[in-house]
Amino acid sequence: MSRATEVTGTHRLVPSPAGRIHLVEQGSGPLVLLVHGFPESWYSWRHQLPALAAAGYRAVALDVRGYGRSSRPEAVAAYRMLELVEDNVAVVRALGEETAIIVGHDWGATIAANSALVRPDVFTAAGLLSVPYTPRGGPRPSEIFARMGGEEEFYVSYFQTPGRAEAEIEPDVRGWLAGFYAALSADTMPAPGLPDPHFVARGGRLRDRFPGGPPPSWLSRDDLDVYAAEFERTGLSGALNRYRNMDRDWEDLAPWDAAPVVQPSLFIGGAQDASTTWLADAIDAYPDTLPGLVSSHLLDGCGHWIQQERPHEVNRLLTRWLAALPTHPTPGGG
């Protein structure tokens with residue numbers, strides 16, 4: 001692909017507790033809300049919007065609070081999980097719907113799972129891409145991450161202090177994004193045995209371990225321009241603030257400790273994604289944590305950016321799952 005993918009959808013701004021949420025909508029039928037991860041935008045669903053619309057669904061990809069044209073509150077605490085769940089509810093209501101199917105990737109998968117957990121009256125099914133569902137529980141997340149790095153620093157810990165990661169990223173947003181995307185893509189990630197880009201050497205930077213060489217095959221120069229232009233305009237603080245609320249989430253979600261997501265669910269992961277290898281136990285626990293799981297898939301030769309690395313396969317799995325959902329009749333073309 002030599003140019004940015006054109007998405008013939010309707011751009012809208014709708015009110016939310018954050019102020020506004022920007023979304024792109026395509027198609028008609030049962031509402032499917034698509035929630036992106038870090039560091040992305042609605043554009044990460046550019047391959048899914050037309051496929052879902054063609055299958056008979058109202059596909060809506062949003063910019064999460066802090067990203068793109070959505071509102072970017074100043075307070076770090078404004079990015080806690082329960083606030084993002086309420087943003088999603090507000091989007092459903094603003095679109096004139098009572099319920100929706102929610103699908104998320106990376107942080108979006110966690111947001112989708114918690115939206116289904118906290119508001120089962122609104123979210124009737126949940127599709128999770130790349131990051132498995134792990135119920136709230138155990139020690140504070142910051143304590144877990146602090147232990148993970150050993151002599152080095154885990155990237156989530158590195159992201160915690162406001163301004164620190166921004167100082168690394170914002171002087172060269174485009175270059176940093178290109179390196180980060182390459183570091184977690186199957187065809188460009190560092191070979192086994194090389195330093196892990198999820199960890200930072202003491203006194204170093206995250207980008208010190210990004211691979212050189214060509215970009216991943218799924219990312220055209222123009223696609224990178226789309227992402228870079230958004231973050232050059234907004235900065236990275238809104239996106240990074242999601243990581244800075246993990247302990248707050250642990251406190252806020254205490255009423256749902258160890259709770260399963262019971263609605264019909266789907267999981268798709270990349271076999272070469274650290275999210276699936278590190279959290280293999282979470283996938284094994286799905287009979288208890290996702291009792292409504294319809295199907296679970298690990299795609300061989302696929303990294304973290306799953307719906308962009310393998311769009312046709314992800315579209316096939318998504319539309320098959322959607323068509324099988326008991327609460328929604330199979331739409332035309334599905």
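Everything numeric in this text was worked out from a predicted model, so none of it was measured. (Residues numbered from 1 in each chain as written. Predicted model: local features only at pLDDT ≥ 70, side-chain atom pairs only at ≥ 80, totals over all residues. Heavy atoms only, no water.)

**Q** Talk me through unusual backbone geometry; I want residue IDs and the actual numbers.
**A** The step from Phe38 to Pro39 runs through a cis peptide bond, and the omega angle for that step is -15°. Inspection of the secondary structure assignment puts Pro39 in the loop between β3 (31-35) and α1 (48-54). In this model, Asp106 sits at a positive phi of 60°, which is unusual for a non-glycine residue. Tracing the backbone shows Asp106 in the loop between β5 (100-105) and α3 (107-118). Despite not being glycine, Ala258 shows a phi value in the positive range, around 65°. (Helix = DSSP H or I, 4+ residues; strand = E, 2+ residues; numbered from the N terminus.)

**Q** Now, about the nonpolar core: what can you tell me, with residues and values included?
**A** Ranked by internal contacts, the top residues of the largest apolar core, which has 101 residues, are Phe38 and Phe159. By residue number, the principal contributor to this core is α3, which donates eight residues. Once residues lying within four places of it in the same chain are set aside, the contact partners of Phe38 are Tyr67, Asp106, Trp107, Phe159, Trp176, Phe180, Leu236, Ala239, Leu240, Tyr243 and Trp305. (Core = buried A, V, L, I, M, F, W, Y, C linked by side-chain atoms within 4.5 Å. Buried < 20%, exposed > 50% of the residue type's maximum accessible area, 1.4 Å probe, protein only. Contact = heavy atoms within 4.5 Å.)

**Q** Any chance you could break down the packing of helix α7 (residues 173-183) against helix α8 (residues 221-234) for me, citing the residues and the numbers?
**A** The contact between α7 and α8 brings their axes to 9 Å, and the two run at 125°. Regarding the angle of α7 to α8, the classification is oblique. The chirality of how α7 crosses α8 is right-handed. Residue-level contacts link Val173, Arg174, Leu177, Ala178 and Tyr181 of α7 to Arg221, Leu224, Asp225, Tyr227, Ala228, Phe231 and Glu232 of α8. Looking at the contact of α7 with α8 residue by residue, the class counts come to eight nonpolar, no polar and four charged. (Axes fitted to C-alpha atoms, helices over the stretch in contact; angles between N-to-C directions. Parallel < 35°, antiparallel > 145°, perpendicular 65-115°, else oblique. Left-handed = near helix turned anticlockwise from the far one by under 90°. Nonpolar A, V, L, I, M, F, W, Y, C, P; charged D, E, K, R; others polar.)

**Q** Please give an account of the packing of aromatic side chains that cites residues and values.
**A** With the rule as written, the count across this model stands at 25 aromatic pairs. Centre to centre, the rings of Phe154 and Tyr155 are 4.8 Å apart; their planes meet at 70°, and the pair counts as edge-to-face. Residue class for Phe154 comes out buried when judged on its relative accessible area of 4%. The side chain of Arg136 reaches across the aromatic face of Trp250, ending 4.4 Å from its centre. Taking NZ or CZ as reference, Arg242 lies 4.6 Å from the ring centre of Trp107, over its face. (Phe/Tyr/Trp six-rings, centres within 6.5 Å; stacked < 30°, edge-to-face > 60°. Lys NZ or Arg CZ within 6 Å of the ring centre and 35° of its normal.)

**Q** Outline the sheet that holds strand β4 (residues 58-62), listing residues and values.
**A** Strands sit in the order β1-β2-β4-β3-β5-β6-β9-β10 across an open sheet of eight strands; the sheet is mixed. With partners counted over all chains shown, the strands left at the sheet margins are β1 (10-16) and β10 (293-299), one partner each. Neighbour to neighbour, the strand axes of the sheet diverge by 20° on average, direction disregarded. Pairing of strand β9 (residues 265-270) with β10 involves six bridges; the strand directions are parallel. Each bridged residue has a counterpart across the sheet, and for Phe267 the counterpart in β10 is Ser296. Helix-sheet contacts for helix α2 (residues 81-94) involve β1, β2 (19-26), β3, β4, β5 and β6 (123-129), and the interaxial angle to β1 is about 120°. (Pairing = 2+ DSSP bridges.)

**Q** Please set out the confidence of the model for the chain residue by residue, giving values where relevant.
**A** Mean pLDDT over the chain stands at 94; residues scoring 70 or higher make up 96%. Ignoring residues within four places in sequence, the model shows residues 328-334, a span with pLDDT below 50, making 14 contacts including any to other chains. (pLDDT = per-residue confidence, 0-100.)

**Q** I'd like to hear about α2, residue by residue, with values.
**A** Over its 14 residues, α2 extends 20 Å from the first C-alpha to the last, a length consistent with the 20 Å expected when each residue adds 1.5 Å. Listing the buried residues of α2 in full gives Met81, Leu84, Val85, Asp87, Asn88, Val89, Ala90, Val91 and Val92. Within two residues after α2, Gly96 carries a phi angle of roughly 80°, on the positive side. (Expected span 1.5 Å × (residues − 1).)

**Q** Requested: an account of the pattern of salt bridges, with residues and values cited.
**A** All told, the structure shown has 22 salt bridges when counted by the stated rule. Put simply, Arg46 and Asp223 hold a salt bridge, and the shortest N to O gap is 3.6 Å. Placement of Arg46 in the loop between β3 and α1 and of Asp223 in helix α8 is noted, with a sequence separation of 177 residues between them. Across the pair, exposure class does not vary: Arg46 and Asp223 are buried alike. For Arg58, the salt bridge identified is with Glu97, shortest N-O distance 2.9 Å. Here Arg58 is found in strand β4, whereas its partner Glu97 is found in the loop between α2 and β5, with 39 residues between them in sequence. (Salt bridge = Lys/Arg side-chain N within 4 Å of Asp/Glu carboxyl O.)

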